[in-house]
Structure formats: structure tokens, C-alpha cells
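Survey of secondary and tertiary structure
What follows is each chain in one-letter form.
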Amino acid sequence: MDDVEVRRLPGDLPQLFDPSPDGEAERTLSVPLPDGDLVWPDPGYPQRRPLLRPAFWLSDEPVRGELWGRLRAEHARSGLWPLLMDETDQPWASGQIAPEPVAEIGNYVPQAFMSEVWSDWAEQAAREDHDDLAPFGRHCPGPAASGVPVDDPDAMADRYARVLAGRGLSLGLAAVDRGADTLAAVGWQGALNHNEWTAPLAAVLRGWEERFGARVVAMGFNTLELSVAAPPITTRHAVHVAAEHWTFCPDILFQGPGTLAGYAEEIRGKTNWSFWWD
């Protein structure tokens, strides 16, 4: 019994979960945490739905990447997914966040989201007589095939976390079953100018977890960092993946290389994907 008490989630961390007396004792964490606090949504910030519990936990100071890896390894037991959180333009502790129910992510189909974004742009492109989406044009290609793993997804994520931690990022902990769901759980608003809801983007990330061994490692005000264990290797595959990336984050194309082919060369064989929204 004493061992259970020692390993139970420390401090206020149990508040991150829906009340579940039967399951609470099963959540354990043996990794010591730095000082930090729970983050609640600011009542004065527009909320889509009131949250009756804190959105996530945030460390007071930047952390080392090794800590991210140790917490990632304990996710199955703790139920807490670690995030490196950039506070440069986003004071996370202020609570300017709008969490969405994680349960709603399953209501969205990534292929349908991709097709909707594609259709809207294709219609505009036809009116303006230009084509930025060659070779697909007006016809949405749908999700790309899975990549071939070049390493274990978790090992790849741990390495990328060590790289990103060099930027001096804080540690966040979110109560989710998988990293993709953190976008909705913490109330990230980075892509608000592209899509009003975060849950559809989280659904896309779930697909990338499964097909490309992607892992959510870090986020900022309008940025997202993923490790990728099964990136596209061939040019043809990379162009197809680039099409998915464009519907997820149009700015990486229109304010980047300008064409799917150009962007495809940037991600071909690359084991991390970085996204930013204007």
C-alpha cells in the first residue's frame, strides 16, 4: 500500500483527469518533476465550452530534453503526455486557451477535412486562373500511403526533444491517451486563422501518428513541432505528403517554396516536421 502512495500522481496532477476513483490509483509517475502549476482557462478569454478542470500542468522554468523522454516513457502509466512549450509569444500560464473535448476528435475524418480545404482552394484558384497545387490540381489526392520506419517512433521523439529543449522551453503535461490529442486538451489556438476548431487538426495528427510514426513534441503560440519516424523517401511520396501538409497548414506552402514540389523536397527523408501559421 505504501508503494502505491509513493508512486501515485503527485500534487494536483490528478485534477487534470475526469473524476474516476477506480482509475486514479492506477496512474503513477516515478519521475520527479520541477516546480510548476496547473493552468486553468482564463474566464475572460472566449471559450467554446466551459472547462471544469485545469487544462494542463506547466513547469515554472525551462527543462532539459532528457526529462521529456523520461516522462514520455511513463505515459502509459501516468496518462500524461509531455510537451515542450515555447512561451516566447504565448504566456501559457495566463490561461489564454480554449480547450475542446478530446472525445470530439473522433467525430472528424481526416480525409473529409483534407477534401474540404482542397475544394475551397481549388474553387478560388479556378476563378483566379492559377494552379499552386500541381500535379493534383483541382482533384484532392486524399491521404498519402504510410511511410517506411527508419527508427522507433519513441526513440526518434526523445532525440528531437533533446534538440528542441536547447531553445529553453518549459514543460507541459496534458492528460491524454496520445500526443495528437494535446492540441484540443490544452486549448492551443495556433491555427485559428486557418480553422476555427482544433479537434479536426488533432484528428489529422492521429493519422500521422499511425502512418508516419509522428509524435507531438513541442508547440508555441502558432507553431507545432513533430518528430517523424517514417518520413516519405521518394519524390512521388513526398509530393503526396506535401499535399496533406498544405491542407493542415497552408502557410508553409504559400509563404514558403510556393509549390508542392518545392515543399516536398524540404520534407523528403526529414525526420521532423515543423509547422507555423500566420
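Residues numbered from 1 in each chain as written. Predicted model: local features only at pLDDT ≥ 70, side-chain atom pairs only at ≥ 80, totals over all residues. Heavy atoms only, no water.

1. Describing the layout of surface pockets
By volume, the largest pocket is sized at about 510 Å³. Considering the residues around the largest pocket, the lining is formed by 23 residues, among which Leu16, Asp18, Arg53, Val102 and Ala175 are closest to the centre. Partitioning the lining of the largest pocket into residue classes produces 14 nonpolar, two polar and seven charged. Space inside the second largest pocket adds up to approximately 300 Å³. What lines the second largest pocket is a set of 17 residues, and nearest its centre among them are Phe113, Val117, Asp120, His194 and Asn195. At seven residues, the largest contribution of residues to the lining of the second largest pocket is made by helix 5 (residues 110–128). (1 Å grid on protein atoms, 1.4 Å probe; cavity = no way out; pocket = protein on both sides within 12 Å on 5 of 7 lines; lining within 4 Å. Points joined across faces, edges and corners; volume = space filled by probe spheres on them. Nonpolar A, V, L, I, M, F, W, Y, C, P; charged D, E, K, R; others polar. Helix = DSSP H or I, 4+ residues; strand = E, 2+ residues; numbered from the N terminus.)

2. A few points about empty space enclosed by the protein
In total, this model carries two cavities of 30 Å³ or more according to the counting rule given. Looking at the largest cavity, its volume works out to about 60 Å³. Lining the largest cavity are Pro110, Gln111, Phe113, Met114, Pro143, Val204, Arg211, Glu244, Thr247 and Phe248. Mapped onto the lining of the largest cavity, the elements with two or more residues apiece are helix 5, helix 8 (199–212) and helix 9 (235–248). Looking at the lining of the largest cavity, the element that brings in the most residues is helix 5, giving four residues. Tallied by class, the residues present in the lining of the largest cavity amount to six nonpolar, two polar and two charged. Approximately 40 Å³ is the volume attributed to the second largest cavity. Within the lining of the second largest cavity, the residues separate by chemical class into five nonpolar, four polar and two charged.

3. What to know about the environment of glutamate 61
With respect to the secondary-structure elements, glutamate 61 resides in strand 2 (residues 56–62). Here glutamate 61 falls in the exposed class, since its relative accessible area comes to 54%. Expressed as a C-alpha distance, the spacing of glutamate 61 and threonine 198, which sit 137 residues apart in the sequence, is 27 Å. (Buried < 20%, exposed > 50% of the residue type's maximum accessible area, 1.4 Å probe, protein only.)

4. Observations concerning the packing of aromatic side chains
This structure, assessed with the given rule, holds 15 aromatic pairs. Aromatic pair tryptophan 118 and tryptophan 246: ring centres 5.4 Å apart, planes at 85°, arrangement edge-to-face. Of this pair, tryptophan 118 sits in helix 5 while tryptophan 246 sits in helix 9; the two residues are 128 residues apart in sequence, bridging distant segments of the chain. Every member of this aromatic cluster is reached through a ring pair, and the members are Trp188, Trp208, Phe212, Phe248, Trp273, Phe275 and Trp277. Above the ring of phenylalanine 17, the side-chain terminus of arginine 27 is found at 3.7 Å from the ring centroid. (Phe/Tyr/Trp six-rings, centres within 6.5 Å; stacked < 30°, edge-to-face > 60°. Lys NZ or Arg CZ within 6 Å of the ring centre and 35° of its normal.)

5. A word on the state of the cysteines
As enumerated under the stated definition, the model contains zero disulfides in all. Here cysteine 140 is not disulfide-linked; the sulfur of cysteine 249 is the nearest cysteine sulfur, at 16 Å. (Disulfide = S-S within 2.5 Å.)

6. Observations concerning the confidence of the model for the protein
When pLDDT is low, close inspection of the predicted coordinates is not appropriate. Mean pLDDT over the protein: 91, with 93% of residues reaching 70 or higher. In the model, residues 1–6 has pLDDT below 50 throughout and makes one contact with residues more than four positions away in sequence or in other chains. (pLDDT = per-residue confidence, 0-100. Contact = heavy atoms within 4.5 Å.)

7. Let's talk about the pairing of strand 4 (residues 170–175)
Of all six residues that make up strand 4, five are buried, and the element is covered over most of its length. Of the strand pairs in this sheet, strand 2 and strand 4 are connected by three bridges, and their pairing is antiparallel. Its bridge partner being in strand 4, proline 62 is matched across the sheet by serine 170. (Pairing = 2+ DSSP bridges.)

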